[in-house]
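# Per-entry structural report
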Amino acid sequence: MKALLFVPRRYSLFSIFREAFASQGMEVHAIDFYEQVRNWEKQFNVQVFRLPDRLRLQWEKYYFGKINKYYLEEYERIRPEIVFIYNNEMILPDTLAHFRRKSKVAFFMGDHPFYTPTNRHYIGLLFQADAVFAPDTFWISQLSKMGLKNIHYLNPGIPERDYFPAGLTEEEREAYRSEVLYIGMNYPNSWGYRKAKFINEFADFGLQIHGNRHWKRFFPLFPKLERCFRERKGYIPVETVNKMYNATRIVPIDGNPGLMHGVHLRMFEALGAGALPLLEWQEDLRLIFGEGAELPAVRSYEEIPEMAAYYLNNEAARQEKVAWMKKAVAEKYSAGNLEKTIFGALGLWRSRTAKCLAH
């Protein structure tokens, strides 16, 4: 059997899902439209929502048409039994209908469809899928109310192939060293203010920020952030981010605008590399770590300085908490459990024991 993954290779999720399908004995193929469109097209598409809908439709006819033509050509070349899609990847309804004639189709929602303006068809596509997976229980509640069936809670766990304890050289450790490290974009709106206010609480603890230019608009309001900021254009390679996380002690994890109850993937990446994720409290932390677990998670931004100071001044406690959280995640969201959730929902689950007996 063949699986075709519409999952960007630049995300650590790619290696997790690739391994899940390969472990079920499938031949795995990947497709990423980012590799087929020009830089100016990507940049223009990010801003196209600002245009009147009449003009936006004209652009989408060209841009989505180009992407979906490529998708259909690759699909016919590979002829997979399963198509697995991250978010919506600019897929059009007719393209999805073509897939479903011969393949099972599943979606993993990395972003909330109500807050993801990349594809006007996103929510409608979900209703045509054989299975949908989401890392946020509130998203599941909202979509279930709308009548979406076969939707499942799924946390991908720690991407151990990409984020792991790396043996850094002294030169690398010195080059990447930080006490508190935040890697991520900011937003030019009220969500950006919220993020800046959260991260500002770490400014006196050896903070480094690696992000886009939108951080700069908040420097007049949070002047301490300016000295911590290093502007980045484009994605930092995963290999580099892993080294940066290995050379830091705390990674702040804020509440993403689209995450209602769920936790950002960055928490799992930080744990894989051995950094402590200091989290903004989210309700699904109870589901991940158990009711009443003592977590490095704040319910008020005012709690951040005390918690950050505690873990920076108590290295043994920091390492112990990282080890405990990592063990808890590994046990609950193992590769085997991930496979069982995905293939069970698609009606294709075979345990590893059953597969061995079959061979």
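Preceding this section is the structure that the text describes.
Residues numbered from 1 in each chain as written. Predicted model: local features only at pLDDT ≥ 70, side-chain atom pairs only at ≥ 80, totals over all residues. Heavy atoms only, no water.

## Observations regarding helix α8 (residues 190-200)
The condition is simple: Three labels apply to residues, based on accessible area from a 1.4 Å probe with only protein chains included: buried if under 20% of the type maximum, exposed if over 50%, partly exposed otherwise in between. A run of H or I in DSSP becomes a helix once it reaches four residues, and a run of E becomes a strand once it reaches two; helices and strands are each numbered from the N terminus. Contacts described as polar in this section are N or O atom pairs within 3.5 Å, which, within protein, must combine one atom able to donate a hydrogen with one able to accept it, while residues neighboring in sequence count only if both atoms come from side chains.
Buried residues of α8: Gly192, Lys195, Ala196, Phe198, Ile199 and Asn200, and no others. The N-cap residue of α8 is Asn189: its side-chain oxygen and the backbone nitrogen of Trp191 are 3.0 Å apart.

## Quick word on the pairing of strand β3 (residues 82-86)
Two faces, one strand: in a regular strand the side chains alternate between the faces of the sheet. Applicable threshold: A pair of strands counts as paired when DSSP detects no fewer than two bridges linking them.
Of all five residues in β3, five are buried; the element is thus mostly enclosed. Covered by surrounding structure in β3 are Ile82, Phe84 and Tyr86 together with Val83 and Ile85, the residues of both alternating faces. Inspection of the sheet shows strand β1 (residues 2-6) paired to β3 by four bridges, in the parallel sense. Of the residues in β3, the one forming a bridge with Leu4 is Val83. Note: β3 against strand β4 (residues 104-108), five bridges, orientation parallel. Bridge pairing in β4 places Tyr86 opposite Phe108.

## Thoughts on the packing of aromatic side chains
Stated formally: Two rings from Phe, Tyr or Trp (for Trp, the six-membered ring) form a pair when their centres are within 6.5 Å of each other. A pair whose planes differ by under 30 degrees is stacked, one over 60 is edge-to-face, and the rest are tilted. Charge-over-ring contacts are defined here by two conditions on Lys NZ or Arg CZ: a distance within 6 Å of the ring centre and an angle within 35 degrees of the ring normal.
Per the counting criterion, the structure on display carries 26 aromatic pairs. The side chain of Arg10 reaches across the aromatic face of Tyr34, ending 3.9 Å from its centre. Sitting above the plane of the Trp281 ring, Arg299 keeps its charged end 4.0 Å from the centroid.

## A closer look at unusual backbone geometry
At Glu89, a residue that is not glycine, the phi angle is positive and equals roughly 45 degrees. Tracing the sequence through the fold places Glu89 in the loop between β3 and α4 (93-100). A positive phi angle, near 65 degrees, is found at Met90, a position not held by glycine. Secondary-structure assignment places Met90 in the loop between β3 and α4.

## Regarding empty space enclosed by the protein
Note the cut-off: Think of a 1 Å grid over just the protein atoms. A cavity is a set of points where a 1.4 Å probe fits yet cannot get out, a pocket is an open set with protein on both sides within 12 Å along at least five of seven lines, and lining residues have an atom within 4 Å of a point. Grid points are joined across faces, edges and corners, and a volume is the space filled by probe spheres set on the points. Gly falls in the polar group here, along with every residue not listed as nonpolar (Ala, Val, Leu, Ile, Met, Phe, Trp, Tyr, Cys, Pro) or charged (Asp, Glu, Lys, Arg).
Under the definition given, this model contains one cavity of 30 Å³ or more. Taken as a whole, the largest cavity holds about 40 Å³ of empty space. Of the residues belonging to the lining of the largest cavity, the class tally is four nonpolar, four polar and two charged.

## Details of the sheet that holds strand β5 (residues 131-134)
This is how it is decided: Between N-to-C directions, angles span 0 to 180 degrees; the directions come from axes that are lines fitted to C-alpha atoms, helices contributing only their stretch in contact. Residue contacts are counted whenever heavy atoms from the two residues lie within 4.5 Å of one another.
Within the open sheet, the six strands sit side by side as β2-β1-β3-β4-β5-β6. Their pairing is parallel. One side of each edge strand has no neighbouring strand; the edge strands of this open sheet are β2 (27-30) and β6 (151-153). Averaged over all adjacent pairs, the angle separating strand axes in this sheet is 20 degrees, with direction ignored. Packed on one face of the sheet, helix α1 (residues 12-23) meets β1, β2, β3 and β4 and runs near 170 degrees to β1. The strands touched by helix α6 (residues 137-145) within the sheet are β5 and β6, with β6 carrying the most contacts at an inclination of about 165 degrees.

## As for the pattern of salt bridges
How we decide: Salt bridges are counted wherever a side-chain nitrogen of Lys or Arg sits within 4 Å of a carboxyl oxygen of Asp or Glu.
Under the criterion given, the structure shown has 26 salt bridges. With a shortest N-O distance of 2.9 Å, Glu60 and Arg120 are connected by a salt bridge. Linking Glu60 in helix α3 (residues 53-78) with Arg120 in the loop between β4 and α5 (122-126), this pair joins segments that are 60 residues apart in sequence. Relative accessible area serves as the criterion here: at 9%, Glu60 is assigned to the buried category.

## Things to note about the packing of α3 against α4
We count it as follows: Should an angle fall under 35 degrees it is taken as roughly parallel, and over 145 as roughly antiparallel, whereas 65 to 115 is taken as roughly perpendicular and any remaining angle as oblique.
Axis separation between α3 and α4 bottoms out at 10 Å; the angle between their running directions is 10 degrees. In terms of orientation, α3 and α4 fall into the roughly parallel class. Contact residues: α3 offers Asn68, Tyr71, Leu72, Tyr75 and Glu76, while α4 offers Thr95, His98 and Phe99. Here the contact of α3 with α4 is built from residues that sort into four nonpolar, three polar and one charged.

## Overview of the nonpolar core
We apply this condition: Throughout this description, the term nonpolar core refers to a set of buried Ala, Val, Leu, Ile, Met, Phe, Trp, Tyr and Cys residues connected via side-chain atoms within 4.5 Å.
Residues Phe84, Met267 and Ile342 are the most contacted members of the largest nonpolar core, which totals 81 residues. Sequence-distant contacts of Ile342, that is, excluding residues within four places in its chain, are made with Phe17, Phe21, Phe84, Phe133 and Leu154. Counting 35 residues, the second largest nonpolar core, distinct from the first, contains Val105, Leu125, Leu126 and Ile151.

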